[in-house]
Amino acid sequence: MSMSRSEIITTLQGEYALKRERNQRQLEERERRVRERSPEIGRLLDENRALLMDSSRAALKNPAKAREIMERARAIAQQNRSRLGDLLEAAGFPRDALELQYDCPVCRDTGYVGQPVKRFCKCFERRMMSLAYENANMAGLEQQCFENFDLSLFSEDVQGGNGLSQRGAMERIRKLCEDYAQGFPNNEQRNLLLFGPSGLGKTYLLNCIARRVLDRGFSVLKVTAYRMLEGMRKAHMGEDDQGELRMMMECELLLIDDLGTEPLLRNVSLEYLFTLFNERMVNRRHTVVATNLTPNDILTRYNERIYSRMVDQKSTRIFQFAGRDVRTRGGSGR
């Protein structure tokens, strides 16, 4: 990731500020149209604003009666709001036409919720994950989607004892992966494990899942196994200023590509990999892994604790990829 976590947050704060400016401009434009169509509404708006100003001045001049003055003003304003809603409907506008409209009504497009301690709103967290994903320079992601998945790259020769060709098997896997992405996050099994030799479409399907889930508005992060390990190493050394490990733990969907190609670092790999999978499992977050390792290889390379969290049949659906490398058929290494 070329942008640090603090840079991403600063970028998004600017984005949210522009949203609020846009909301205000749109409100002003709606008010202009309302006033043109209904002078009566315009007069009521002016009365409300004058009431607010006069009440505030009176409260400042007479602090002993400030509460009484403001309560009386609020009661009148409430009556006026009800009347205003009726007038707006009569003029052909929604009752809330003269209220600010937000992309996220929870945080009102500020990106923060909570009082007195503020924290990021879910919408802000999702945008952070999305920007981190886009900033990770995933080449070809726009083209790698379910709609562009080319089954003709796979052999029609029947293989194994299940009577399926490689193409038939891939058609089934593609359909199940699309169902997973479309049904996210309400999947019966939250995790997927895609394993098999290189050149059979695992990475392509990972990108298809990522694109679909991201387009549906969820926070998605895809990392290579090497990038994952680098984030863990930085966290171990106290150098994780970008918050990469935290993002891997907290994103709604984490996709790890090429697990098993990363080096094993003492006091880092096994400890942090277990923490990552365990935290995501405990918090019921979704994880998709693509690897050349078989489940037995995973057990041998890592340990039983990691294996049990990656290959748990209650929470993980396992897809085995087999057949000829599509690159030998003139494909693009999907």
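Heads up: these notes are all about the structure in this document. Owing to the predicted nature of the structure, the values given are computational and were not obtained by experimental measurement.

1. Here we look at the pairing of strand 3 (residues 191-195)
Point 1. By the criterion of burial, strand 3 is predominantly enclosed, with five of the five residues buried.
Point 2. The alternating pattern of strand 3 places Asn 191, Leu 193 and Phe 195 and Leu 192 and Leu 194 on opposite faces, both of which are buried.
Point 3. As paired elements, strand 3 and strand 7 (residues 316-320) share five bridges and run parallel to each other. Bridge pairing in strand 7 links Leu 194 to Phe 319.
Point 4. Across four bridges, strand 3 lies against strand 6 (residues 286-291) in parallel orientation. Note on strand 6: the bridge partner recorded for Phe 195 is Thr 291.

2. Here we look at empty space enclosed by the protein
Gaps left between atoms show up when a probe the size of a water molecule is rolled over them.
Point 1. Enumeration over the complete set of coordinates arrives at one cavity of 30 Å³ or more.
Point 2. There is about 110 Å³ of room inside the largest cavity.
Point 3. The wall of the largest cavity is formed by Asn 191, Leu 192, Leu 193, Phe 277, Arg 280, Met 281, Arg 285, Thr 287, Val 289, Arg 309, Met 310 and Thr 316.
Point 4. Where the lining of the largest cavity is concerned, the elements lending two or more residues are strand 3, helix 9 (269-282), strand 6 and helix 11 (304-310).
Point 5. Of the residues contributing to the lining of the largest cavity, the split by class is six nonpolar, three polar and three charged.

3. Some thoughts on the packing of helix 2 (residues 39-61) against helix 3 (residues 66-90)
Point 1. Following both chains from N to C, one finds helix 2 and helix 3 inclined at 170 degrees, their axes separated by 10 Å at the closest point. When the axes of helix 2 and helix 3 are compared, the pair comes out roughly antiparallel. Contact residues: helix 2 offers Glu 40, Ile 41, Leu 44, Leu 45, Asn 48, Leu 51, Ser 55, Ser 56, Ala 58 and Ala 59, while helix 3 offers Ala 66, Ile 69, Met 70, Ala 73, Ile 76, Ala 77, Asn 80, Arg 83, Leu 84, Leu 87 and Leu 88.
Point 2. Taken together, the residues of the contact of helix 2 with helix 3 break down into 15 nonpolar, four polar and two charged.

4. Remarks on the pattern of salt bridges
Point 1. In total, this model carries 26 salt bridges according to the counting rule given.
Point 2. Across the pair Arg 32 and Glu 29 runs a salt bridge whose closest N-O atoms are separated by 2.5 Å. Of this pair, Arg 32 and Glu 29 both sit in helix 1 (residues 5-37), three residues apart, which is roughly one turn of the helix.
Point 3. A residue is classified by how much of its surface remains accessible, and Arg 32, at 38% relative accessible area, is partly exposed.
Point 4. In this structure, Glu 156 engages Arg 167 in a salt bridge whose closest nitrogen and oxygen atoms are separated by 3.3 Å. Residue Glu 156 is found in the loop between helix 4 (122-135) and helix 5 (166-183), and its partner Arg 167 is found in helix 5; the two are separated by eleven residues along the sequence.
Point 5. Residue Glu 156 is classed as exposed on the basis of its relative accessible area, which comes to 56%.
Point 6. Overlapping salt bridges bring together Glu 29, Arg 32, Arg 33 and Glu 36 as one network.

Rules behind the numbers
- Residues numbered from 1 in each chain as written.
- Predicted model: local features only at pLDDT ≥ 70, side-chain atom pairs only at ≥ 80, totals over all residues.
- Heavy atoms only, no water.
- Buried < 20%, exposed > 50% of the residue type's maximum accessible area, 1.4 Å probe, protein only.
- Helix = DSSP H or I, 4+ residues; strand = E, 2+ residues; numbered from the N terminus.
- Pairing = 2+ DSSP bridges.
- 1 Å grid on protein atoms, 1.4 Å probe; cavity = no way out; pocket = protein on both sides within 12 Å on 5 of 7 lines; lining within 4 Å.
- Points joined across faces, edges and corners; volume = space filled by probe spheres on them.
- Nonpolar A, V, L, I, M, F, W, Y, C, P; charged D, E, K, R; others polar.
- Axes fitted to C-alpha atoms, helices over the stretch in contact; angles between N-to-C directions.
- Parallel < 35°, antiparallel > 145°, perpendicular 65-115°, else oblique.
- Contact = heavy atoms within 4.5 Å.
- Salt bridge = Lys/Arg side-chain N within 4 Å of Asp/Glu carboxyl O.

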